[in-house]
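Coordinate inspection notes
Below are the chains, spelled out letter by letter.
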Amino acid sequence: MKLVVVTPHFAPDVAPTGEVITKIVEQLAARGHHIEVITSLPWYEHHAVEPEFRGKPIRSEAMSWGKVTRVNPFPTDKRDIPRRALAFGGFSALVGGVGLAGGNVDGVLALSPPLTLGLTGWGIAVARRAPLVFNIHDVFPDVAIELGVLKGERVIAAAKWLERVSYARADAVTVLAEDMRENVAAKVSPGQASKVRVIPNFVDTAWIRPQPRENSYRRELGLEGKTVVMYAGNVGMSQSLELVLAAATALAHDPEVAFVINGGGAARPGLEAAARGLANVHFVDLQPRARLPEVLAAADIHVVPLKRGLGRSSVPSKTYSILAAGRAVLASVDRGTEVERIVERSGAGVSVPPDDAEAFTKALTRLVAAPDELARMGAAGRRFVEGWASPEAVAEQYEELFTELRDRRR
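Now for a quick tour of the structure.

Cut-offs and rules
Residues numbered from 1 in each chain as written. Predicted model: local features only at pLDDT ≥ 70, side-chain atom pairs only at ≥ 80, totals over all residues. Heavy atoms only, no water. Buried < 20%, exposed > 50% of the residue type's maximum accessible area, 1.4 Å probe, protein only. Helix = DSSP H or I, 4+ residues; strand = E, 2+ residues; numbered from the N terminus. Pairing = 2+ DSSP bridges. Axes fitted to C-alpha atoms, helices over the stretch in contact; angles between N-to-C directions. Parallel < 35°, antiparallel > 145°, perpendicular 65-115°, else oblique. Contact = heavy atoms within 4.5 Å. Nonpolar A, V, L, I, M, F, W, Y, C, P; charged D, E, K, R; others polar.

Some words on the pairing of strand β6 (residues 132-136)
The side chains of a regular strand alternate between both faces of the sheet. For β6, a buried count of 5 out of 5 residues is recorded, marking the element as mostly surrounded by other parts of the structure. Every second residue of β6 is oriented toward a common face, with L132, F134 and I136 on one face and V133 and N135 on the other, all of them buried. Across 5 bridges, strand β5 (residues 107-112) lies against β6 in parallel orientation. Bridged to A110 within β6 is F134.

Structure (structure tokens):
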């Protein structure tokens with residue numbers, strides 16, 4: 001098959017969604033498909049286009065399996081909603097301009113966020129006579145509304161209209177979990193609910209695997225021999241990282257426990273200001289993608305803290321990576337949501353209610369005091385993810401979906 005993939009991130013960009021779609025493309029290519037990727041110039045790590053990619057708003061690169069075209073994403077501060085909306089519009093327009101050119105293909109896969117890529121993908125699909133699969137990683141505008149960053153009746157109404165239209169125009173909508181399927185299915189007409197499919201996220205268990213805790217990452221931070229509690233990922237508005245600071249304050253008397261917040265994002269400056277005086281909290285910049293297995297291995301406990309109300313709109317991909325690394329998880333998420341179910345089914349850790357500093361600190365204190373239990377949880381998580389989610393399985397599900405949609409058109 002010939003496929004077009006429209007995505008906000010792709011390697012060498014280090015965004016989590018970029019890592020996921022890169023692996024899916026690689027697996028589809030290994031199955032003999034020709035793929036055209038249209039994405040952004042790498043910008044995620046520093047929220048600015050990387051120096052080696054500056055100078056040209058559009059760049060193309062031939063690949064053994066097709067080609068990658070990168071366009072300017074117009075990176076802006078996530079907290080500046082009007083400028084960010086304009087940036088999404090500009091990026092999506094550039095992507096559409098690139099994607100409209102070319103012959104007929106067998107399918108178009110567009111990723112959200114940004115939500116604007118839904119209509120961009122539809123335009124490309126119409127022009128190139130192909131079915132559209134719209135892949136949702138975070139349900140927008142729900143996430144933005146819950147966080148309070150999208151305000152005003154007219155603005156919210158416009159975003160919800162764009163969401164409904166994007167779902168309606170897609171031939172299939174894929175989501176990461178059953179909670180998200182129920183959310184999205186409720187926003188389409190009853191006759192279209194069946195086109196919302198669950199294709200779970202995955203992790204490369206051959207690349208991310210259990211490794212020794214004492215490694216160069218720990219040595220660089222002077223954390224040898226300590227119990228390390230880590231958050232690794234985007235330091236944004238969706239994460240309740242204030243819980244980490246509350247726990248660090250409660251455990252400040254214990255010199256053997258250290259807290260690491262590894263990553264960057266709009267919320268980091270405020271967190272760093274709030275953490276002044278906490279010697280047991282270390283802020284580390286986002287590391288190169290190649291270092292991810294080492295970073296994950298350096299922790300004894302990884303935290304996954306989602307703010308209240310976001311558990312049904314988002315499934316952090318870091319959860320799967322933590323399990324693959326064989327480390328225990330402390331999740332602070334809405335009850336009955338996918339992350340909580342993963343943690344409970346795998347036996348890889350503990351879940352507490354969202355935004356509850358007391359429950360979070362108590363659970364963390366118990367885990368810190370039980371190193372044997374941490375080792376058991378880590379091993380259980382590794383066994384679970386090995387038998388549940390592989391890149392090959394996810395790529396096969398997308399191949400089957402595109403084949404179904406193509407054959408239906410014919």
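Describing the packing of helix α12 (residues 338-346) against helix α14 (residues 371-386)
At a minimum axis distance of 8 Å, the contact between α12 and α14 shows a crossing angle of 110°. In terms of orientation, α12 and α14 fall into the roughly perpendicular class. Residues I342, R345 and S346 of α12 touch α14, and the partners they reach there are A380, G381 and F384. Its residues assigned to classes, the contact of α12 with α14 comprises 3 nonpolar, 2 polar and 1 charged.

Some points on unusual backbone geometry
Of note, the amide linkage connecting A11 to P12 takes the cis form, showing an omega dihedral of 15°. Turning to its location among the elements, P12 is positioned in the loop between β1 (2-6) and α1 (16-30). For the bond running from P113 to P114, omega is 5°, close enough to zero to count as cis. Among the secondary structure elements, P114 is positioned in the loop between β5 and α3 (117-127). Its identity is not glycine, yet F74 carries a phi of approximately 50°, on the positive side. Mapped onto the secondary structure, F74 falls in the loop between β4 (66-71) and α2 (81-99). Its identity is not glycine, yet D355 carries a phi of approximately 60°, on the positive side.

A closer look at the pairing of β4
The buried fraction of β4 is high, at 5 of 6 residues. Pairing of strand β2 (residues 34-40) with β4, which is carried by 6 bridges, proceeds in the parallel orientation. Bridging across to β4, V37 finds its partner in V68. Here 6 bridges tie strand β3 (residues 58-63) to β4, and the two strands are oriented antiparallel to one another. Bridge pairing in β4 links R59 to R70. Counted between consecutive antiparallel strands, the loop separating β3 from β4 contains 2 residues.

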